[in-house]
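Results of the structural survey
Each chain is listed here by its residues.
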Amino acid sequence: MARPPANDNFASPLLIRRVDPTISTGTTPAWSVAGLTMQTGEPNPSAIDVSATSVDQSAWFRFTPWKSGELTLDCFGSLAWDNFSYGVGVDGLWLALAIYTGESLGTLVEKGAMDNVASNQLFVSVVMETVYRIQVVNMIYDPPPSAGLRNNGLAKLNWSLA
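Because the structure is a prediction, the values reported are computed rather than measured.

**Considering the overall build of the protein chain**
- Across its full length, the protein chain carries zero helices and 12 strands.
- Going residue by residue from the N terminus, the α and β elements of the protein chain occur as β-β-β-β-β-β-β-β-β-β-β-β.
- Looking at the protein chain as a whole, 46% of its 162 residues are labelled buried.
- Taking contacts inside the protein chain between residues at least 6 apart in sequence as the whole, the part at least 24 apart equals 77%.
- Put simply, the protein chain shows about 7600 Å² of open surface, and 54% of that area lies on carbon and sulfur atoms.

As structure tokens, this is what we get:
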């Protein structure tokens, strides 16, 4: 079994921050969804496709906006190992995103959610200096609903604050 990335757990999210104060967009480094897990008590985003066989792989990020505005999140550029595109903006992975406020799994309040089939981007209003937790979930299907859908690959999270 593959070793999960460090941000597999809620307690160790990858910090999303801008590198240059003049730029309000960014992309996380790509991470492998192989080996990801879900913790006891971890929520499922409300946008999860109910036909998924399991939802047991997630990665966590933390974002504290430097201004109030609209945050846009997506996973464009994520790739399944076979690199097969099935036309929904993410090649071969079926991902869901959710953004929350709250400091522990038990206190999370969902502020928005999407999966990359129903919607390709998540738009949510954010408040300056509020800590947000972002969850990226890989939905597992057995068998996959399309020939190109795979359970493993590289995911990345893109963000923009306007």
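Back to the write-up after that little detour.
**Quick look at the side chain of arginine 133**
- Relative to the helices and strands, arginine 133 is located in strand 10 (residues 132-140).
- A distance of 3.0 Å separates the side chain of arginine 133 from the side chain of glutamate 103, its partner in a polar contact.
- Not counting residues up to four positions away in its chain, the partners in contact with arginine 133 are Phe10, Pro13, Trp60, Phe61, Arg62, Ala98, Ile99, Tyr100, Gly102, Glu103 and Leu108.

**A word on the packing of aromatic side chains**
- Tallied over the full model, the rule gives six aromatic pairs.
- Centroid distance phenylalanine 10 to tryptophan 60: 5.0 Å. Interplanar angle 85°. Geometry classified as edge-to-face. In this pair, phenylalanine 10 is assigned in the segment before strand 1 (14-16) and tryptophan 60 in strand 4 (residues 54-63), connecting sequence segments 50 residues apart. Per residue, the accessibility class of phenylalanine 10 equals that of tryptophan 60, and both read buried.

**So, the sheet that holds strand 12 (residues 158-161)**
- With antiparallel pairing, four strands are arranged side by side in an open sheet as 2-12-5-9. Unpaired on one side and paired on the other, strand 2 (25-27) and strand 9 (122-126) mark the two borders of the sheet. Across this sheet, the average inter-strand angle for adjacent strands is 20°, counted without regard to direction.
- Both strand 2 and strand 12 contribute to a ladder of three bridges, which runs antiparallel. Paired with threonine 25 across the bridge in strand 12 is serine 160.

**What to know about the environment of valine 55**
- Structurally, valine 55 can be placed in strand 4.
- Since its relative accessible area comes to 17%, valine 55 is described here as buried.
- The spatial distance from the C-alpha of valine 55 to the C-alpha of leucine 95 is 9.8 Å, given a sequence separation of 40 residues.
- Excluding residues within four positions of it along the chain, valine 55 makes contact with Met38, Asn44, Ile48, Val137, Asn138 and Met139.

**Describing the nonpolar core**
- Counting residues in hydrophobic clusters, the biggest one holds 24 residues, and the most contacted among them are Trp31, Leu71, Leu73 and Leu157.
- Residue assignment for this core shows that the elements contributing at least two residues are strand 4, strand 5 (69-74), strand 7 (95-101), strand 9, strand 10 and strand 12.
- Leaving out residues up to four positions away in the same chain, leucine 71 has contacts with Phe63, Ile99, Leu122, Phe123, Val124, Val126, Trp159, Ser160 and Leu161.
- Within the second largest apolar cluster, seven residues are counted, among which are Met38, Val55, Trp94 and Met139.

**Section: the pairing of strand 5**
- Here strand 5 runs beside strand 9; their pairing, made up of five bridges, is antiparallel. Bridging across to strand 9, leucine 73 finds its partner in leucine 122.
- Where strand 5 lies against strand 12, four bridges are found, and the strand directions are antiparallel. Across the sheet, residue leucine 71 finds its bridge partner in strand 12, namely leucine 161.

Conventions we followed
- Counting restarts for each chain: residues are numbered from 1 in the order of the written sequence.
- Residues qualify for local features only when their pLDDT is at least 70, as the model is predicted, and side-chain atom pairs are given and counted only at 80 or more; totals for whole chains, interfaces and linings, by contrast, use all residues.
- Calculation of side-chain values draws on the structure's entire complement of heavy atoms; hydrogens and water are dropped beforehand.
- Counting from the N terminus, the helices are the DSSP runs of H or I reaching at least four residues and the strands are the DSSP runs of E reaching at least two.
- The classification of residues rests on relative accessible area computed with a 1.4 Å probe and restricted to protein chains. Under 20% of the type maximum is buried, over 50% is exposed, and intermediate values are partly exposed.
- We call two residues in contact whenever any of their non-hydrogen atoms come within 4.5 Å of each other.
- All accessible areas in this document rest on Shrake-Rupley with a 1.4 Å probe, and a residue is counted as covered only by the protein chains that are shown.
- Any pair of N or O atoms that falls within 3.5 Å is considered a polar contact. Within protein, one atom must be able to donate a hydrogen and the other to accept it, and sequence-neighbouring residues count only if both atoms are side-chain atoms.
- Aromatic rings from Phe, Tyr and Trp, with only the six-membered ring used for Trp, were paired whenever their centres fell within 6.5 Å, and each pair was classed as stacked if the ring planes differed by under 30 degrees, edge-to-face if by over 60, and tilted otherwise.
- Two strands pair under a simple rule: DSSP has to find at least two bridges between them.
- Angles here are taken between N-to-C directions and fall from 0 to 180 degrees, while the axes themselves are lines fitted to C-alpha atoms, restricted in helices to the stretch in contact.
- Take the buried Ala, Val, Leu, Ile, Met, Phe, Trp, Tyr and Cys residues and link them wherever side-chain atoms come within 4.5 Å; each set so joined is a nonpolar core.

Without other data, these values stay purely geometric and don't point to any function.
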